[in-house]
Amino acid sequence: SAYFIANGVTAAECLLIRARINTALSAMGLQNGIRSFSYEGDSLTWGVGVGVPSYSARLRTLSGWQGRHIESGMNSETIVTMNTQYALQVQAYAPDGYYATKSLLLLWAGTNDLVADTLAATVLTNLRTYWAAARADGFKVIAFTIMPRNDTTWNTNAAARNAQLAALNASIIADSANWDALIR
């Protein structure tokens, strides 16, 4: 958690993420053969408003992973919106038995839900819905804990939001039956 910064994800941080994902892939016996990488999330995934390239663009460049890389993140997007758009934006990139027999989905979501004062339990329920849909379609799901925020919107109710953030991250960590690997 401490390796994230407020204005985006640096190249060094992406290298840490890559190392953790590669370790997880090795543990799952998937260090080779993944040809499709789908990234879903908010502004960190899309790269808007953070002043640096998106983490997904940096990870694609730094990882050396060959294959199809699809970025579906949108600025200010919530997990509720991601769930409604899953079939249109992500589902088509699930394993197809031909090009992509193994597909990885990296879902980093929840911060915009918390800034809208959605309770951690509700955000977790919505994450579980997304994870379940992706896993049912054959994706290997990489979940992320949510990083702390330090901006004007968050800080208007920081104590309550930080408490919800801590509760959500603890729940995501404990929810290992619903994702294939966790980056925190």
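None of these values were measured; they are calculated from a predicted model.

**Here we look at the confidence of the model for the protein**
Inference 1: Per-chain confidence: the protein averages 82 in pLDDT, with 86% of residues scoring 70 or above.
Inference 2: Within the protein, no element has a lower average pLDDT than helix H2 (residues 43-46), which sits at 65, and none a higher one than helix H6 (residues 120-136), at 97.
Inference 3: Note on residues 1-7: pLDDT is under 50 here. Beyond four places in sequence and across chains, it has 18 contacts.

**Structural notes on H6**
Inference 1: Helix length check: H6, at 17 residues, gives a terminal C-alpha distance of 24 Å against a target of 24 Å (1.5 Å per residue), a fit within 8%.
Inference 2: For H6, every residue scored as buried is listed here: Ala120, Val123, Leu124, Asn126, Leu127, Tyr130, Trp131 and Ala134. What you see down the axis of H6 is that its buried residues fit within an arc of 165°, all on one side. Those residues of H6 that are exposed and angled more than 90 degrees off the buried face are Ala121 and Ala136.
Inference 3: Phi for Gly138, located one or two positions after H6, is positive at around 100°.

**Focus on the packing of H6 against helix H8 (residues 158-174)**
Inference 1: The interhelical angle for the contact between H6 and H8, taken along N-to-C directions, is 35°, at an axis separation of 9 Å. The way H6 lies across H8 gives a crossing that is right-handed. On H8, the residues that touch Ala120, Val123, Leu124, Leu127 and Trp131 of H6 are Gln164, Ala167, Leu168, Ser171 and Ile172.
Inference 2: Class assignment of the residues belonging to the contact of H6 with H8 gives a composition of 8 nonpolar, 2 polar and no charged.

**Examining the side chain of Ser36**
Inference 1: Topologically, Ser36 is positioned in strand E1 (residues 36-41).
Inference 2: A polar atom in the side chain of Ser36 sits 3.4 Å from the backbone oxygen of Tyr93.
Inference 3: With residues near it in sequence (within four places) discarded, Ser36 still touches Arg68, Tyr93, Ala100, Lys102, Ser103 and Leu104.

**A word on the pairing of strand E3 (residues 103-108)**
Inference 1: Buried residues dominate E3, accounting for 6 of its 6 residues.
Inference 2: Burial along E3 is two-sided: Ser103, Leu105 and Leu107 facing one way and Leu104, Leu106 and Trp108 facing the other are all buried.
Inference 3: Bridge count for E1 against E3 is 6 bridges, and the pairing is parallel. Bridged to Phe37 within E3 is Leu104.
Inference 4: For E3 and strand E4 (residues 139-144), the ladder comprises 5 bridges, and the chain directions are parallel. Counterpart to Leu104 in the pairing with E4 is Lys140.

**Focus on the nonpolar core**
Inference 1: In this structure, Ile21, Leu127, Trp131, Leu168 and Ile172 are the most contacted members of the largest nonpolar core, which totals 46 residues.
Inference 2: Counting residues per element, this core draws most heavily on H6, which supplies 7 residues.
Inference 3: Dropping the residues within four chain positions of it, Trp131 is found in contact with Leu107, Leu124, Val141, Ala143, Ile172, Asp175, Asn178 and Trp179.

Quick notes on the rules
- Residues numbered from 1 in each chain as written.
- Predicted model: local features only at pLDDT ≥ 70, side-chain atom pairs only at ≥ 80, totals over all residues.
- Heavy atoms only, no water.
- pLDDT = per-residue confidence, 0-100.
- Helix = DSSP H or I, 4+ residues; strand = E, 2+ residues; numbered from the N terminus.
- Contact = heavy atoms within 4.5 Å.
- Expected span 1.5 Å × (residues − 1).
- Buried < 20%, exposed > 50% of the residue type's maximum accessible area, 1.4 Å probe, protein only.
- Arc of directions from axis to C-beta.
- Axes fitted to C-alpha atoms, helices over the stretch in contact; angles between N-to-C directions.
- Left-handed = near helix turned anticlockwise from the far one by under 90°.
- Nonpolar A, V, L, I, M, F, W, Y, C, P; charged D, E, K, R; others polar.
- Polar contact = N/O pair within 3.5 Å; in protein donor to acceptor, adjacent residues only side chain to side chain.
- Pairing = 2+ DSSP bridges.
- Core = buried A, V, L, I, M, F, W, Y, C linked by side-chain atoms within 4.5 Å.

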